[in-house]
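Per-entry structural report
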Amino acid sequence: MDNDIVCDTTKAIFTVKGITGHELCQNFWNSGTRHDHGVIKESKVFTDLNSSDTFIVHELLNKHWVADQRDICFWSHIRNFNSNDVSSWIVVNYSTEHKEAPIKSSIVRAKINIALIGRTKLENNATKSSCTRNDLTCEVIYVAYINPGGYVPAFILRNVFEKEYANFVYSFTNFVKKQTKEKQILF
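Here we summarise the structure given alongside this text. (Residues numbered from 1 in each chain as written. Predicted model: local features only at pLDDT ≥ 70, side-chain atom pairs only at ≥ 80, totals over all residues. Heavy atoms only, no water.)

1. What to know about the side chain of N27
Heads up, the rule is: We count a stretch as a helix when DSSP gives it H or I for four or more residues in a row; a strand needs E for two or more, and each element gets its number in order from the N terminus. Here the term buried applies to any residue with accessible area under 20% of the maximum for its type, exposed to any over 50%, and partly exposed to those in between, with areas from a 1.4 Å probe on protein chains only. Counting of polar contacts relies on pairs of N or O atoms within 3.5 Å, with two restrictions inside protein: one atom must be capable of donating a hydrogen and the other of accepting it, and residues adjacent in sequence are counted only when both atoms are side-chain atoms.
Examined against the element boundaries, N27 turns out to sit in helix α1 (residues 21–29). Judged by its relative accessible area of 11%, N27 is buried. From its side chain, N27 meets the backbone oxygen of E23 in a polar contact 2.9 Å long.

Shown next, in the form of structure tokens:
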């Protein structure tokens, strides 16, 4: 609960075969593919930060029949880090305000704090120069804190979150696999 509003905290750890952590995170971070995940009605990206790895985005979310229309405004940052010689990537999305994305009275502003980490593992004694997609396993850690803003009954919110997270994880990882299937492996 956050000011008497039911919030959701989720942590998911799983693996995906055939993709790298870079490919996973690049597709999560890339503002051009956000509409393909099915939860965003419209989106506007602000690049006034003059950064190649961070931008601010304002998204109007699809309306659920049980709740008011919602939007989010957040900065999104992508970073590569290596841990024990394993290529790892992280994307962080964190709520912010922006002068070009004012809060409208008819829309509820949700707040988010999300991190997606992808770590690439090579199987079958493969190396980066000799591997195929069959040799790739991506270890994924997804953590999210979402404050939907406004009132939504707890039992409805939890049912929606449970369904949406499962759908998102399944559809997003399949989207990345489909996008990268015939492309050169991106480490």
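Structure shown, so let's carry the discussion forward.
2. A short note on the environment of I185
On the secondary structure map, I185 appears in the segment after α2 (154–180). Linking I185 and E23, residues 162 residues apart in sequence, is a C-alpha distance of 8.1 Å.

3. Structural notes on the packing of aromatic side chains
How we decide: Only Phe, Tyr and Trp rings are paired, with Trp represented by its six-membered ring, and only when their centres lie within 6.5 Å; those with planes under 30 degrees apart are stacked, over 60 edge-to-face, the remainder tilted.
One pass over the full model with this rule turns up seven aromatic pairs. With centroids separated by 5.2 Å and ring planes inclined at 50°, the aromatic side chains of W29 and F55 adopt a geometry described as tilted. Within this pair, whereas W29 is found in helix α1, its partner F55 is found in strand β3 (residues 54–61), the two being separated by 26 residues in sequence. Considered together, W29 and F55 belong to a single accessibility category, that of buried residues. Taking 5.9 Å as the distance between ring centres and 35° as the angle between the ring planes, the aromatic pair formed by W75 and Y94 counts as tilted. Of the two residues, W75 is situated in strand β4 (residues 70–83) and Y94 in strand β5 (residues 86–95); the sequence distance between them amounts to 19 residues. A relative accessible area of 29% means that W75 is categorised as partly exposed. Residue Y94 is classed as partly exposed on the basis of its relative accessible area of 38%.

4. Description of the side chain of S87
Operational definition: By definition, residues are in contact when any of their heavy atoms lie within 4.5 Å.
Turning to its location among the elements, S87 is positioned in strand β5. Accessibility expressed as a relative area gives 8% for S87, which makes it buried. Once you skip the residues sitting within four places of it in the chain, S87 turns out to touch N80, F81, N82, G118, R119, T120, K128 and F187.

5. Things to note about the nonpolar core
Test applied: The nonpolar core is taken to be a set of buried Ala, Val, Leu, Ile, Met, Phe, Trp, Tyr and Cys residues, with the residues joined through side-chain atoms within 4.5 Å.
Membership of the largest hydrophobic core comes to 33 residues, with the highest contact counts inside it found for L24, F28, L116, Y142 and F172. Elements that contribute at least two residues to this core include exactly β1 (8–17), α1, β3, β4, β5, β7 (111–122), β8 (136–147) and α2. Ranked by residue count, the leading element in this core is α2, at eight residues. Leave out the neighbours within four places in its chain, and Y142 touches T10, K11, A12, F28, I114, A115, L116, Y165 and F168.

6. Digging into the pattern of salt bridges
Pairing is possible between side chains that carry opposite charge, provided their charged atoms lie close to one another. Note the following rule: Between Lys or Arg on one side and Asp or Glu on the other, a salt bridge is scored when a side-chain nitrogen of the former is within 4 Å of a carboxyl oxygen of the latter.
Scanning the entire structure with this criterion turns up seven salt bridges. With a closest N to O distance of 3.9 Å, D53 and R79 form a salt bridge. A residue pair is termed long-range when its members are at least 10 positions apart, and D53 in the loop between β2 (40–46) and β3 and R79 in strand β4 qualify at 26 residues. Ionic pairing is found between D71 and R109, a salt bridge with its closest N-O pair at 2.8 Å. Placement of D71 in strand β4 and of R109 in strand β6 (residues 108–109) is noted, with a sequence separation of 38 residues between them. Taking the relative accessible area as the measure of exposure, D71 reaches 3% and is therefore buried. Residues participating in the shared-partner salt-bridge network are D71, E97, R109 and K111.

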